[in-house]
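What follows is each chain in one-letter form.
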Amino acid sequence: MRKVTMIAALLLSVFMFFHSDIAVGDEVVYAGDVTVIHSAIPEPIFVDTLPMVTTKPQEEEENLLSYEDISLIALVTMAEAEGECEEGKRLVIDTILNRVDSEHFPNNVYDVVYQRNQFSSIWNGRIDCCEVKEDICQLVREELISRTNTDVIFFTAGEYSKYGVPMFQVENHYFSSYE
């Protein structure tokens, strides 16, 4: 649609360039080498373009998470668990998703991630040194379909958090539930 509008605007500009007289009613006007037939009823402009088909990924339709939300979760996962095993990364993803679903935390990814004093990679600048990777985005999509753990709400490195109920350790992270 945008291309059609741009082409129509370009054609109108060319038309106005060659057209020096404004006609009233139906008449033929000669402007340079261009013959313009004025009519009270404007003729439609047809432009041959290929149809643009946009598809929304199935996961976004089913889980209502945007590409931006998936990318943000992947970025935080890289910043918090880059050296951890796949299970550890999945559990960090689950922590964010479980918080979004919890009544005790904000109900959207952005606010969960940027909630004050929640993810150390946000306030210590680690997130600025990381990039979104497609393999981590794929883990996020998979966790949206079927979570590894629906209870993890907190995790820390090195020891259990002072919040929540300790559950288990995976590599350097200690995971806890809310209650």
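The rules behind each value
- Residues numbered from 1 in each chain as written.
- Predicted model: local features only at pLDDT ≥ 70, side-chain atom pairs only at ≥ 80, totals over all residues.
- Heavy atoms only, no water.
- Helix = DSSP H or I, 4+ residues; strand = E, 2+ residues; numbered from the N terminus.
- Buried < 20%, exposed > 50% of the residue type's maximum accessible area, 1.4 Å probe, protein only.
- Polar contact = N/O pair within 3.5 Å; in protein donor to acceptor, adjacent residues only side chain to side chain.
- Expected span 1.5 Å × (residues − 1).
- Phe/Tyr/Trp six-rings, centres within 6.5 Å; stacked < 30°, edge-to-face > 60°.
- Pairing = 2+ DSSP bridges.
- Axes fitted to C-alpha atoms, helices over the stretch in contact; angles between N-to-C directions.
- Contact = heavy atoms within 4.5 Å.

Student: What is the right way to look at the environment of Glu 134 in this model?
Tutor: Residue position: Glu 134 is located in helix α7 (residues 134-145). A relative accessible area of 48% means that Glu 134 is categorised as partly exposed. When the C-alpha positions of Glu 134 and Ala 74 are compared, they lie 8.3 Å apart, and in sequence the two are 60 residues distant. Polar contacts involving the side chain of Glu 134 include one to the side chain of Arg 141, which spans 2.8 Å.

Student: Sorry if this is basic, but what is going on with unusual backbone geometry here?
Tutor: Both trends apply: most residues other than glycine have a negative phi, and most peptide bonds are in trans. Despite not being glycine, Asn 117 has its phi angle at roughly 60°, a positive value. According to the relative accessible area criterion, Asn 117 is exposed, its value standing at 57%. Located in the positive-phi region is Glu 171, a residue other than glycine, with phi close to 50°. One can find Glu 171 in the loop between β4 (165-170) and β5 (173-177).

Student: How should helix α3 (residues 67-81) be read in this particular structure?
Tutor: Three or four residues apart is the spacing at which side chains of an α-helix point the same way, because the helix has 3.6 residues per turn. Between its terminal C-alpha atoms α3 stretches 21 Å, which fits the 21 Å expected from 15 residues at 1.5 Å a residue. Of all 15 residues that make up α3, 13 are buried, and the element is covered over most of its length.

Student: Quick question: what am I supposed to make of the packing of aromatic side chains here?
Tutor: For any pair of aromatic rings, the description rests on two quantities: the centre-to-centre distance and the angle between the ring planes. Under the definition given, this model contains nine aromatic pairs. Measuring from ring centre to ring centre gives 6.4 Å for Phe 105 and Tyr 178, while their planes differ by 85°; the resulting arrangement is edge-to-face. Taken together, the residues Phe 105 in the loop between α4 (86-101) and α5 (109-113) and Tyr 178 in the segment after β5 connect sequence positions 73 residues apart. Given a relative accessible area of 36%, Tyr 178 falls into the partly exposed group. Their ring planes at 35° and their centres at 5.8 Å tell us that Phe 155 and Phe 175 sit as a pair that is tilted. Placement of Phe 155 in strand β3 (residues 152-157) and of Phe 175 in strand β5 is noted, with a sequence separation of 20 residues between them. Like Phe 155, the residue Phe 175 is buried in the burial classification. Each residue in the set Phe 105, Phe 154, Tyr 163 and Tyr 178 is aromatic and connected to the rest through ring pairs, giving one cluster.

Student: Looking at this model, I keep getting lost on the sheet that holds β5. Mind explaining?
Tutor: Strand pairing within a sheet occurs via backbone hydrogen bonds; the two strands may be parallel or antiparallel. Read from one edge to the other, the open sheet built from three strands follows the order β3-β5-β4, with strand pairing classed as antiparallel. If you trace the sheet from one side to the other, it starts and ends with β3 and β4, each paired once. Averaged over neighbouring strand pairs, the angle between their axes works out to 30° when direction is ignored. Here β3 pairs with β5 via five bridges, running antiparallel. Paired with Ala 157 across the strands is His 173, a residue of β5. Most of the contacts of α4 go to β3, to which it runs at about 130°, and overall it touches β3, β4 and β5.

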